[in-house]
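Here are the chains, one letter per residue:
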Amino acid sequence: MDMSSDIIGLISIVFLLGCSAFFSMSETALTAASRPKMHHAEKQGSKRAAVVNHLRQDSESLIGSILVGNNLVNILATVLTTTVFTSLFGETGVVYATVAMTVAIIVFAEVLPKTYAFNHADKVAMVVSYFVRGWLWISWPITWTIQKVSRLLLRLLGVKTSAELGRYLGDDELRGAIDLHGNTPDRDDVQQERAMLRSILDLDAVTVEKIMTHRRKAMMLDIEMPKEELIEAVLSSPYTRIPLWKDDPSNVVGVLHAKPLLRALRQTPDVEKLDILDLANEPWFIPETVNLLDQLQEFRERREHFALVVDEYGALMGIVTLEDILEEIVGEISDELDSPVTGVRRHPDGSYLVQGSVTIRDLNRQFDWGLPENPAATLAGLIMHEARQLPDIGQVYSFFDFRFEIVRRQRHQVTLIKVKQQL
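These numbers were taken from a predicted model, which means no experiment stands behind them. (Residues numbered from 1 in each chain as written. Predicted model: local features only at pLDDT ≥ 70, side-chain atom pairs only at ≥ 80, totals over all residues. Heavy atoms only, no water.)

*Asks:* Teacher, can you tell me more about the sheet that holds strand 6 (residues 306-310) here?
*Replies:* Working definition: the strands of a sheet are paired by backbone hydrogen bonds and lie parallel or antiparallel to each other. Overall, mixed pairing links the four strands, which are arranged 1-7-6-5 in an open sheet. Bordering the open sheet on either side are strand 1 (213-214) and strand 5 (285-287), each of which pairs with just one other strand. Judged from the five bridges that link them, strand 6 and strand 7 (residues 316-321) form a sheet pairing that is antiparallel. Counted as the bridge partner of Leu308 is Ile319 from strand 7. Across the sheet, helix 14 (residues 292-302) lies against strand 5, strand 6 and strand 7, angled at about 140° from strand 6, the strand it touches most. Sheet strands in contact with helix 15 (residues 322-330) are strand 1 and strand 7, and its direction is about 65° off that of strand 7. (Pairing = 2+ DSSP bridges. Helix = DSSP H or I, 4+ residues; strand = E, 2+ residues; numbered from the N terminus. Contact = heavy atoms within 4.5 Å. Axes fitted to C-alpha atoms, helices over the stretch in contact; angles between N-to-C directions.)

Okay, here's the thing in structure tokens:
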């Protein structure tokens, strides 16, 4: 080969290495680009993001086409380099060509473009999207043939492809993305955002019995008590909806809302003439096994905010409100009438004094603990379940990497526990 042919050959080699770098960069960018960001950009009208999303719908064809192009240009560049170096250096040119192409392909066609694409995946993916789509059309016959042969070989080996298994962003991946959210995990706002996102995913896995107010803590009034006392109790209560029972606290006959009561008092100042039961709404009973997502939808459809929870035998277990479910997502919602008691007090030594009635979900949410939420709903219930007995005051248990000391007990109920995480 003459000098001009060698120069053309070298220019062709550089061009082919550039094409190899392009394919390597495209492969990394299109696989590493953020799916949520691309989806959002497409919704905002970005045509390039739409192309990226379309290309990734068939990731097998996308990767196959890119690999075909990458290997094709690498082989051509290697053959051409060997020819040029043999012309320049004789038989030893083969060795020089091998070393030169190995370094060039690894550094300039693989490491550098892939590193850049990995650190700027979203930007690069949208830049190369049109070019890759064009190459996909050109290389389609070759890619299709290779895919068919590959699938046949894999099927003979008993391996299922991603096209057969299906691919979607599952709960585990979403939870992993939530855990990676934010670069400063110690910030309170980041922890709150994580807790909210996790709670949304948990709505269909948590039943109302886990968040309900137990009947022992619920405010309920006897409808047969003197009307003046009943009205005074309703008006002085921090709650707007109060269940009314007759003969037995488990026999709820209505739910009285403070607003219609006030409206009736304005129209009929004589309280003895008021029919309290007529002012009350029909009680709505729900099973304790309903999950929060379904119950939230029921609240919205019925335009109700209040429900009574019963067990499988029809016994009243407690009450659940729309606010209870919303608090599972956004955290505690307090107003000027709410009690500030949380049931948890931290000590300087890192331990916590926790009331037995505090729910495990609240503890996990507030302190990012990993205590199991089944089968017990409260901390006292968890300890009794694990201990298989009713603990005595002073007894200490260690499980789930925590130390639990029974501080106070009232009859058969554990009311106060000292909790310390074991490192």
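On we go.
*Asks:* Is there a simple way to explain the sheet that holds strand 2 (residues 221-222) in this structure?
*Replies:* Spatial ordering of the open sheet is given by 2-3-4, a layout of three strands whose pairing is mixed. What marks the edges here is a single partner per strand, and that holds for strand 2 and strand 4 (248-257).

*Asks:* Which parts of the structure should I look at to understand a nonpolar patch on the surface?
*Replies:* Together, Leu88, Phe89, Val95, Tyr96, Val99, Val103, Ile106, Val107, Phe108, Val111 and Leu112 make up a nonpolar patch on the protein surface, roughly 1000 Å² of accessible area in all. Elements with a contribution of two residues or more to the nonpolar patch: helix 4 (59-89) and helix 5 (93-119). Sorting elements by how many residues they give to the nonpolar patch places helix 5 first, with nine residues. Among the secondary structure elements, Phe108 is positioned in helix 5. The exposed category is assigned to Phe108, whose relative accessible area is 52%. (Patch = residues over 30% accessible without salt bridge, like charges linked within 9 Å, V, L, I, M, F, W, Y side chains within 5 Å. Areas by Shrake-Rupley, 256 points an atom, 1.4 Å probe, with all protein chains shown as cover. Salt bridge = Lys/Arg side-chain N within 4 Å of Asp/Glu carboxyl O. Buried < 20%, exposed > 50% of the residue type's maximum accessible area, 1.4 Å probe, protein only.)

*Asks:* Sorry, what's going on with the pairing of strand 9 (residues 352-355) here?
*Replies:* Where a strand is regular, its side chains alternate between the two sheet faces. With three bridges joining them, strand 8 (residues 344-346) and strand 9 adopt antiparallel strand pairing. Residue pairing across strands places Val344 opposite Val354, the latter belonging to strand 9. Counting the residues between successive antiparallel strands, the hairpin from strand 8 to strand 9 contains five residues, one of them, Gly350, with a positive phi of roughly 95°. Pairing of strand 9 with strand 12 (residues 413-421) involves four bridges; the strand directions are antiparallel. Of the residues in strand 12, the one forming a bridge with Val354 is Ile417.

*Asks:* Where do I start with the pairing of strand 12 in this structure?
*Replies:* Sheet analysis places strand 11 (residues 402-410) next to strand 12, joined by eight bridges and oriented antiparallel. Across the sheet, Gln410 pairs through a bridge with Gln413, a residue of strand 12. Here strand 11 folds back onto strand 12 in antiparallel fashion, the turn holding two residues, of which Arg411 has a positive phi close to 55°.

*Asks:* Please explain a negative patch on the surface as it appears in this structure.
*Replies:* There is a patch of like negative charges on the surface, built from Asp204, Asp294, Glu298 and Glu301. Residue position: Glu301 is located in helix 14. A relative accessible area of 61% means that Glu301 is categorised as exposed. (Lys, Arg positive; Asp, Glu negative; His and termini not counted. Charge placed at Lys NZ, Arg CZ, Asp CG, Glu CD.)

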